[in-house]
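# Coordinate analysis (summary)
Now for the letters of each chain:
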Amino acid sequence: MSGVSTDTRPVTQAPRTDGGGRRGPAAPSRKLLWFALPALACYGFAVVVPTLRGGALAFTDWDGLSPDYNFVGFDNFARIFSSDSSLEALTMTLIFAFAITVLQNGVGLLLAVGLHTGLKTRNVLRVVFFAPVVITPVVVAYLWKFMLTPDGAVNGLLEAVGLGALRQSWLGDPTWAAVSVVMIVVWQHAGYSMVIYLAGLQSISPEVIEAAAVDGAGAWRRFWSVTWPLLATATTINVMLTLIGGFKMFTEVYVLTGGGPGGATETLSTLLYKSAFQFDQFGYGIALALVLAVIVAVFSVAQYRLSNRQAVS
């Protein structure tokens, strides 16, 4: 039939191209990268460059003021692991971090389980227990410092209830000073852990708990076999946050004891502050900061991988 094409060859569609002849979805992402460049440049200038330069100064004897300094290699790091004061500070940092992690998560979990009920006052109690979190740590530390003096409110309360034999020099005794620091940190931040655990508890379906109860599981068995495994994500977040916070703890120790008595509560954070700003040993102080950063990174990665491995299994 005339006027009708009889060509049956398949029509090949031209490949789709974006502007500039580039193919596929990579072109838009490359364009968007140009919008991120100003922010990346500011971040590099304000964070990356100072960090690298500061890390380089850890290998010098810079005093923080003089424009001249000498390269000393790994002498600062060797001093950290050979000096009694730095080794004691490292030990106390580990003790504080693990003690705070265990106690704060334990108290926070107990508060969360107790308030995840039908109590009429549960909302008020949640506010009360969370209130210390929003107070500045410096204020909290100074308040407790005045209350823990020999004639302070704590010893006065013990005397008033007939427990005068338990009066202590809370911040003057090496052991009690360390215990006081840990308890104050736990008192202030347990509400933070409580909120995270509450979020985890509220995400658990009530039907799961009811099914376990129908199967005859008691309260403890329901918590240990059902609730606790389902809180794995909340536990990972809490443990990581408290562990990092314990390693970096500075304000409470510096205000309450200043690292004393006799260096009994000295941490890496307080030691690097004193080394850099009191004794003008900035190179040594930066080396302490790098060691602390490595410790935090190692424990954080190890804890995260362990939590993932347990979740998979």
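Residues numbered from 1 in each chain as written. Predicted model: local features only at pLDDT ≥ 70, side-chain atom pairs only at ≥ 80, totals over all residues. Heavy atoms only, no water.

### Notes on the overall build of the chain
Looking only at helices and strands, the chain has 13 helices and zero strands in total. For the chain, the residues scored as buried account for 34% of the 313 residues in total. Sequence separation of 24 or more characterises 64% of the internal contacts of the chain that already satisfy a separation of 6 or more. Carbon and sulfur atoms make up 67% of the accessible area of the chain, which amounts to about 19300 Å² in all. (Helix = DSSP H or I, 4+ residues; strand = E, 2+ residues; numbered from the N terminus. Buried < 20%, exposed > 50% of the residue type's maximum accessible area, 1.4 Å probe, protein only. Contact = heavy atoms within 4.5 Å. Areas by Shrake-Rupley, 256 points an atom, 1.4 Å probe, with all protein chains shown as cover.)

### A look at the side chain of Glu 266
Take Glu 266: it is sitting in the loop between helix 11 (251-256) and helix 12 (268-278). Within polar-contact distance, the side chain of Glu 266 engages the side chain of Thr 270 at 2.5 Å. Filtering out sequence-adjacent residues up to four positions away, Glu 266 remains in contact with Glu 88, Ala 89, Met 92, Gly 258, Gly 259, Leu 271 and Lys 274. (Polar contact = N/O pair within 3.5 Å; in protein donor to acceptor, adjacent residues only side chain to side chain.)

### Here's the deal with the confidence of the model for the chain
Of all residues in the chain, 90% have pLDDT values of 70 or greater, and the mean over the chain is 86. Below pLDDT 50 for its whole length, residues 1-5 participates in zero contacts with residues either more than four positions away or in separate chains. (pLDDT = per-residue confidence, 0-100.)

### Observations concerning the environment of Gln 104
Residue position: Gln 104 is located in helix 3 (residues 84-115). The exposure class of Gln 104 is buried, given its relative accessible area of 5%. Counting along the chain gives 78 residues from Gln 104 to Val 182, while the straight-line C-alpha distance between them is 9.3 Å. When sequence neighbours within four positions are dropped, the list of residues in contact with Gln 104 reads Val 185, Val 186, His 189, Ala 190, Ser 193 and Thr 242.

### A few points about unusual backbone geometry
Each neighbour pair has its own omega, and for Gly 260 with Pro 261 the value is -5 degrees, a cis peptide bond. Structurally, Pro 261 can be placed in the loop between helix 11 and helix 12. Positive phi values are uncommon outside glycine, yet Asp 280 reaches one of about 55 degrees. Looking at where Asp 280 falls in the secondary structure, it is placed in the loop between helix 12 and helix 13 (282-312).

### Thoughts on the packing of helix 7 (residues 174-202) against helix 10 (residues 232-248)
Angle between the axes and distance between the axes: these two values describe a pair of packed helices. The contact between helix 7 and helix 10 brings their axes to 9 Å, and the two run at 165 degrees. Here helix 7 is positioned roughly antiparallel relative to helix 10, judged by the angle of their axes. Once helix 7 is placed against helix 10, the crossing between them reads as right-handed. Residues Tyr 192, Ser 193, Ile 196, Tyr 197 and Gly 200 of helix 7 form the contact with helix 10, whose participating residues are Ala 234, Thr 235, Ile 237, Asn 238, Leu 241 and Thr 242. Its residues placed into classes, the contact of helix 7 with helix 10 shows six nonpolar, five polar and no charged. (Axes fitted to C-alpha atoms, helices over the stretch in contact; angles between N-to-C directions. Parallel < 35°, antiparallel > 145°, perpendicular 65-115°, else oblique. Left-handed = near helix turned anticlockwise from the far one by under 90°. Nonpolar A, V, L, I, M, F, W, Y, C, P; charged D, E, K, R; others polar.)

### Focus on the pattern of salt bridges
One pass over the full model with this rule turns up two salt bridges. Arg 167 is paired through a salt bridge with Glu 159; the nearest N and O atoms lie 3.9 Å apart. For Lys 274, the salt bridge identified is with Glu 266, shortest N-O distance 3.1 Å. Each member of the pair, Lys 274 together with Glu 266, is buried. (Salt bridge = Lys/Arg side-chain N within 4 Å of Asp/Glu carboxyl O.)

### Some points on helix 9 (residues 219-230)
Relative to the 16 Å expected for twelve residues at 1.5 Å per residue, helix 9 spans 15 Å between its end C-alpha atoms, a close match to the ideal helical length. Looking at the packing, one finds that the buried side of helix 9 touches helix 3, helix 7 and helix 8 (206-214). (Expected span 1.5 Å × (residues − 1).)

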